[in-house]
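Summary of structural features
The residues making up each chain are set out below.
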Amino acid sequence: MEQSNKSRYARQYTLQDFGKQGQTKLAEARVLIVGAGGLGCPVLQYLCAAGVGDIGIVDADKVGLSNLHRQPLYRTTDVGRLKAEVAAAILRAQNDTITVVEYAFHLNNQNAWDLISSYDIIVDCTDNFETRYVLCDVCALLHKPLVYGAIYTYEGQVAVFNVSDSQGIRCQYRDLFPVPPSSEEAPDCATTGVLGVLPGVIGLLQANEVIKLLAGIGEPLINKLYTIGLLDYQSVTIRLQPQHHPDAPESRIAFEAANYGHYCGSVNEDVGLISSTELDAIAHRSDSLLIDVRALDELPRLSLPHRAIPLELLMANVHELNASHLVLICQSGVRSARAAESLKNYLGNRQSISHLQGGILAYQSEKNDE
Amino acid sequence: MMKIRVLSFGGLVEIIGKENMIEAIDTDQVVSHLEQTYPALAGRKYVLAINEQMKTENTLLQESDVVALLPPYSGG
């Protein structure tokens, strides 16, 4: 260990059981934190401080003002900036002896496999069931240790999945909940509110589990679910048991072919339909963006303000589509429906997505009738 | 009939309250009693545990067992 690291981690490796061995194991580990929100902030800060050698941050979201009461990694001046980028910069300054890599995109079943494969431990700090089930399934298939955390108003849950216990039993999230609940059954923080310190407490427990797993100390929550309420400190640790989960994909191919947006009910009411008569009004709203997904040389031209992004290039440019309302348009409404579906799968409910019924041909004939 | 203490967590508290004392011989009876009293419980997803051991099949209860009902949380 280098002299500066000896000082940096002195209080930690002096710990009985942990020792220099534990410190070395942390330094050699690659840990991926999925979600840099309420749970992700403390996990990132403490694993970085503790000296986990290689930290990955997955989050496509930008800092919002309503995040700040529970995400103290971010400052007021960060509002509007990408969480993954802000967090990575702070972590690098906090500890310049480790490597931090940011992934400013949504984790989904199209990009998860290779990313998850390249890390040793995954930490679930997500805020929606779609990403949780994607993570659960890919980690189960890859036998990748998954440190799970989730919160609700004043209560939180922590568990360690995909790690075998002394009897060789290895539980996963689907052993708890084989199929996703509806969004009404488990509303998110935006709907129900959340006490700011709650994700701090639960995130620190997740960081604690990661350190225990890496250093080989204590008793990680393997095949156990810990639940605690902060109002009365009532807590329960239940021992899990494997159960049949017929919905779980059995291979990489099945995993990547699944439609998690529909499966988890997060693609609600599917995609909106806009009629020709509504299009003019929508096009002039400042929070709308019309996107023509036809080939660049297709006619007739769309006379309303829009961006032209051919369908095959749409997903590559998804990060530039920041308007609250995205309206996809093509010649007759077939390609725009496909484009809207792809965007909906990717963006979930973060932005409203609709497409023009009947396409530009229907819009033009409407105009001609006027 | 065994006297059973039922603890609930998360959003279930809004439906059935934090704690219920009920008489039942097995976990199926616990659930059917609760669903009779609180119809909104039907169809909800939760893990059921007896004395901190998760159960997925109907299980006989002992006097003063504690049953916990734990729903999924989505927040992060």
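I will try to describe carefully the structure that is included in this document. (Residues numbered from 1 in each chain as written. Chains lettered and ligands numbered in written order. Predicted model: local features only at pLDDT ≥ 70, side-chain atom pairs only at ≥ 80, totals over all residues. Heavy atoms only, no water.)

1. Re the overall build of chain B
Looking only at helices and strands, one finds 2 helices and 5 strands in chain B. From first element to last, N terminus to C terminus, chain B shows the α and β order β-α-β-α-β-β-β. Whereas a compact globule of 76 residues would reach a radius of gyration of roughly 11 Å, chain B reaches 12 Å, a difference of no more than 12%. In terms of principal-axis extent, the alpha carbons of chain B reach across some 40 × 25 × 20 Å. (Helix = DSSP H or I, 4+ residues; strand = E, 2+ residues; numbered from the N terminus. Rg over C-alpha atoms; globule rule 2.2 N^0.38 Å.)

2. Notes on the packing of helix 4 (residues 40-50) of chain A against helix 5 (residues 83-94) of chain A
In a pair of packed helices, the angle between the axes and the distance between the axes together describe the arrangement. All names here are of chain A. Interhelical geometry of helix 4 versus helix 5 gives an angle of 25° and a closest axis separation of 9 Å. Considering their axes alone, helix 4 and helix 5 lie roughly parallel with respect to each other. When you trace helix 4 past helix 5, the crossing you get is right-handed. Facing Leu44, Gln45, Cys48 and Ala49 of helix 4, the residues of helix 5 in contact are Ala87, Leu91 and Gln94. Split by residue class, the contact of helix 4 with helix 5 holds 5 nonpolar, 2 polar and no charged. (Axes fitted to C-alpha atoms, helices over the stretch in contact; angles between N-to-C directions. Parallel < 35°, antiparallel > 145°, perpendicular 65-115°, else oblique. Left-handed = near helix turned anticlockwise from the far one by under 90°. Contact = heavy atoms within 4.5 Å. Nonpolar A, V, L, I, M, F, W, Y, C, P; charged D, E, K, R; others polar.)

3. Focus on the pattern of salt bridges
Residues and elements named next belong to chain A. One pass over the full model with this rule turns up 17 salt bridges over all chains. Close ionic contact of arginine 132 with aspartate 124 constitutes a salt bridge, the shortest N to O distance being 3.0 Å. Look at the salt bridges and you will find they share partners, linking Arg75, Asp78 and Arg81 into a network. (Salt bridge = Lys/Arg side-chain N within 4 Å of Asp/Glu carboxyl O.)

4. Describing the sheet that holds strand 13 (residues 352-356) of chain A
Residue and element names in this part refer to chain A. The 5 strands are arranged 9-13-12-10-11 in an open sheet whose pairing can be described as parallel. Looking at strand neighbours, the two that pair on one side only are strand 9 (272-274) and strand 11 (307-308), the edges of this open sheet. Sheet topology places strand 9 next to strand 13; 3 bridges connect them, and they run parallel. When the sheet's bridge partners are listed, leucine 273 is paired in strand 13 with histidine 355. Helix 15 (residues 334-347) contacts strand 12 (325-329) and strand 13 of the sheet and is inclined by roughly 175° relative to strand 13. (Pairing = 2+ DSSP bridges.)

5. A word on the interface of chain B and chain A
At the interface, 26 residues of chain B touch 40 residues of chain A. It is Tyr73, Ser74 and Gly76 of chain B that lose the most area in chain B upon contact with chain A, and together they represent 27% of the buried surface on that side. At the surface where chain B touches chain A, the tally comes to 0 salt bridges. Where chain B touches chain A, the interface holds 14 residue pairs in polar contact (both at pLDDT 80 or more). At the level of secondary structure, the elements contributing two or more residues to the side of chain B that touches chain A comprise strand 1 (2-8), strand 3 (47-50) and strand 4 (53-55) of chain B. Per-element tally for the side of chain B that touches chain A: the top contributor is strand 4 of chain B, with 3 residues. Class assignment for the residues of the side of chain B that touches chain A results in 10 nonpolar, 9 polar and 7 charged. (Buried area = accessible area lost by both parts, 1.4 Å probe. Polar contact = N/O pair within 3.5 Å; in protein donor to acceptor, adjacent residues only side chain to side chain.)

6. Some points on the packing of aromatic side chains
All names here are of chain A. Applying the stated criterion across every chain yields a total of 13 aromatic pairs over all chains. Ring geometry for phenylalanine 129 against tyrosine 133: centres 6.5 Å apart, planes inclined by 50°, an arrangement best described as tilted. With phenylalanine 129 and tyrosine 133 both in helix 7 (residues 129-141), this residue pair falls 4 residues apart, about one helical turn. Judged by its relative accessible area of 7%, phenylalanine 129 falls in the buried class. A relative accessible area of 0% places tyrosine 133 in the buried class. (Phe/Tyr/Trp six-rings, centres within 6.5 Å; stacked < 30°, edge-to-face > 60°. Buried < 20%, exposed > 50% of the residue type's maximum accessible area, 1.4 Å probe, protein only.)

7. Things to note about the environment of glycine 156 of chain A
Tracing the backbone shows glycine 156 of chain A in strand 6 (residues 155-161). Measuring from C-alpha to C-alpha, the distance between glycine 156 of chain A and valine 201 of chain A comes to 8.5 Å, with 45 residues separating the pair along the chain. Residues in contact with glycine 156 of chain A, not counting those within four places in the same chain, are Ala150, Ile151, Leu198, Ile202, Tyr226, Thr227 and Ile228 of chain A together with Tyr73 of chain B.

8. Let's talk about helix 15 of chain A
Side chains that are three or four residues apart share a direction in an α-helix, a result of its 3.6 residues per turn. All names here are of chain A. Taking 1.5 Å of rise per residue, the 14 residues of helix 15 would be expected to cover 20 Å, and the 20 Å separating its terminal C-alpha atoms lies within 8% of that figure. Residues of helix 15 that are buried include every one of Ser336, Ala339, Ala340, Leu343, Lys344, Tyr346 and Leu347, and no others. Seen along its axis, helix 15 keeps its buried residues to an arc of 165°; they face one direction. Summarising the geometry of helix 15, the exposed residues directed more than 90 degrees from the buried face are Val334 and Arg338. Positioned one or two residues after helix 15, glycine 348 has a phi angle of 60°, which is positive. (Expected span 1.5 Å × (residues − 1). Arc of directions from axis to C-beta.)

9. Quick notes on the packing of helix 13 (residues 276-283) of chain A against helix 16 (residues 359-369) of chain A
Residue and element names in this part refer to chain A. One way to put it is that helix 13 packs onto helix 16 with a least axis distance of 8 Å and a crossing angle of 95°. One way to sum up the angle between helix 13 and helix 16 is to call them roughly perpendicular. Side by side, helix 13 and helix 16 meet where Ser276, Thr277, Leu279 and Asp280 of the first sit next to Ala362, Tyr363, Glu366 and Lys367 of the second. The residue inventory of the contact of helix 13 with helix 16, partitioned by class, reads 3 nonpolar, 2 polar and 3 charged.

10. Some remarks on the nonpolar core
Among the nonpolar cores identified, the biggest contains 51 residues, and Val31, Ile33, Leu44, Leu47, Ile55 and Ile57 of chain A are the most heavily contacted of them. The biggest single contributor to this core is helix 10 (residues 197-215) of chain A, with 7 residues. With residues near it in sequence (within four places) discarded, leucine 44 of chain A still touches Ile33, Ala36, Ile55, Ile57, Leu73, Ala87 and Leu91 of chain A. Core analysis: the second largest hydrophobic core is formed by 44 residues, Ala112, Phe129 and Phe255 of chain A together with Met54 of chain B among them. (Core = buried A, V, L, I, M, F, W, Y, C linked by side-chain atoms within 4.5 Å.)

11. Looking at the pairing of strand 8 (residues 235-239) of chain A
All names here are of chain A. A one-sided burial pattern is seen for strand 8, the buried positions being Val236 and Ile238 and the unburied ones Ser235, Thr237 and Arg239. Looking at chain direction, strand 7 (residues 224-229) and strand 8 are connected through 5 bridges and run antiparallel. Across the sheet, the residue bridging to threonine 227 is valine 236, located in strand 8. Hairpin connection between strand 7 and strand 8: a loop of 5 residues separates the two successive antiparallel strands, and tyrosine 233 in this loop has a positive phi of roughly 60°.

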